[in-house]
Amino acid sequence: MPELPEVEALAGQLRAAAVGRSIGRVDVAAPAALKTFDPPVTALVGRAVTGAARWGKYLGLRAGELVLVTHLARAGWLRWYDALPAVPPRPGRGPIALRVHLGEPGAAPGFDLTEAGTTKRLAVWLVDDPARVPGIAALGPDALAVSTDDLAALLRAKPGRLKTVLTDQSVLAGIGNAYSDEILHAARLSPFATAARLTAAQVAALHAAIGTVLTDAVARSVGQRAATLKGEKRAGLQVHGRAGLPCPVCGDTVQQVCFAERSLQYCPRCQTGGRVLADRRLSRLLK
Ligand SMILES: [Zn+2]
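In this report, the structure presented in the accompanying data block is examined. (Residues numbered from 1 in each chain as written. Predicted model: local features only at pLDDT ≥ 70, side-chain atom pairs only at ≥ 80, totals over all residues. Heavy atoms only, no water.)

1. Describing the nonpolar core
At step 1: L14 and F111 are the most contacted members of the largest nonpolar core, which totals 32 residues.
At step 2: Contributions of two or more residues to this core are made by α1 (4-17), β3 (58-63), β4 (66-71), β5 (76-81), β6 (96-101), β7 (110-115) and β8 (123-127).
At step 3: At five residues, the largest contribution of residues to this core is made by α1.
At step 4: Discounting chain neighbours no more than four positions away, the residues touching F111 are L14, L61, L78, R79, W80, L84, L98, R99, V100 and L102.
At step 5: V146, L162, A209 and L214 belong to the second-largest nonpolar core, a separate cluster that totals 28 residues. (Core = buried A, V, L, I, M, F, W, Y, C linked by side-chain atoms within 4.5 Å. Buried < 20%, exposed > 50% of the residue type's maximum accessible area, 1.4 Å probe, protein only. Helix = DSSP H or I, 4+ residues; strand = E, 2+ residues; numbered from the N terminus. Contact = heavy atoms within 4.5 Å.)

Shown next as structure tokens:
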């Protein structure tokens, strides 16, 4: 799933490539992905793109007072094309949810919002105010903007395990499954620690890790074309998706806990005092 750094990079790519271009046509290939109907997407036609923005893991394309917002969900992505074909994508089948032509269709660049797999969760809204998107209205402070004191207060107010709280978008916006594993590893904290019971030193370590992990990932990602972003993300990870491989910090074997739809990875020596927590009862604790 694209998280804060990837969405920031996609916003950067849109700022560089789309701003100033006029929207020629919008093809809706997955009508279920479109969550708003007023204004209709045809209201974008003829408008110039004026900016791109990010709210947590939501991406927005501004065209005057209208904002086309998307949440790429688990398997969604933005694909940029220097020359988009004029023929609209066939609705219903295939990965394309929405296509935006930035100029005369057939003679202009543009992008597709795509989603791999059979579970379709990618969502698109056309609004005059991003706060009209319920998920954006419910976001906590941005993970890159929160102070140590604010973070301490947010963690104290939230029951639950650290991994769960860190990925709760209403607590902090922008951190998902991959970067939470990376942040907890960098902070040397167990994913199963009780969020509300961290010491001041642990909160400070967590705050520093959020800053360095996300800032490094943004620096690696921004400037990358969307096509190379996923590989860039994978190359920068220390524990996430690396179960069975040696921890780059201490050499211990990275362990994992599997859930129905996802898994988390951690280093026992760096994070849990050497204890291996890959256990069913623990995976239940994180639900
Ligand atoms: Zn380690």
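2. Digging into unusual backbone geometry
At step 1: Looking along the chain, the bond that leaves D38 and enters P39 is cis, with omega of 5°.
At step 2: Phi is positive for A73, which is not a glycine, with a value near 60°.
At step 3: As for its placement among the helices and strands, A73 is situated in the loop between β4 and β5.
At step 4: On the basis of relative accessible area, A73 is assigned to the buried category, the value being 7%.

3. Digging into the packing of aromatic side chains
At step 1: Applying the stated criterion across every chain yields a total of one aromatic pair.
At step 2: On the numbers, 5.9 Å between centres and 50° between planes, the contact of Y58 with W125 is tilted. With a gap of 67 residues between them, Y58 in strand β3 and W125 in strand β8 connect regions that are remote in the sequence. Each member of the pair, Y58 as well as W125, carries the same accessibility label: buried. (Phe/Tyr/Trp six-rings, centres within 6.5 Å; stacked < 30°, edge-to-face > 60°.)

4. Details of the environment of G60
At step 1: Assignment of secondary structure puts G60 in strand β3.
At step 2: For G60, a relative accessible area of 1% gives the class buried.
At step 3: When the C-alpha positions of G60 and P130 are compared, they lie 8.2 Å apart, and in sequence the two are 70 residues distant.
At step 4: Beyond its immediate stretch of four places on either side in the chain, G60 contacts G51, A52, A53, W55, V67, L68 and V69.

5. Structural notes on the pattern of salt bridges
At step 1: Under the defined criterion, the tally for this structure stands at eight salt bridges.
At step 2: Where R99 meets D112, a salt bridge forms, and the shortest distance between an N and an O atom there is 2.6 Å. Here D112 lies in strand β7 and R99 lies in strand β6, a separation of 13 residues in the sequence.
At step 3: Here R99 falls in the buried class, since its relative accessible area comes to 6%.
At step 4: In this structure, K158 and D168 form a salt bridge, with 3.5 Å as the shortest nitrogen-oxygen distance. You can see K158 sitting in the loop between α3 (148-156) and α4 (162-166) and its partner D168 sitting in the loop between α4 and α5 (177-186), a full ten residues away along the chain.
At step 5: Residues joined in a network through salt bridges with shared partners are E8, R54 and D142. (Salt bridge = Lys/Arg side-chain N within 4 Å of Asp/Glu carboxyl O.)

These figures come from the coordinates and say nothing about function on their own.
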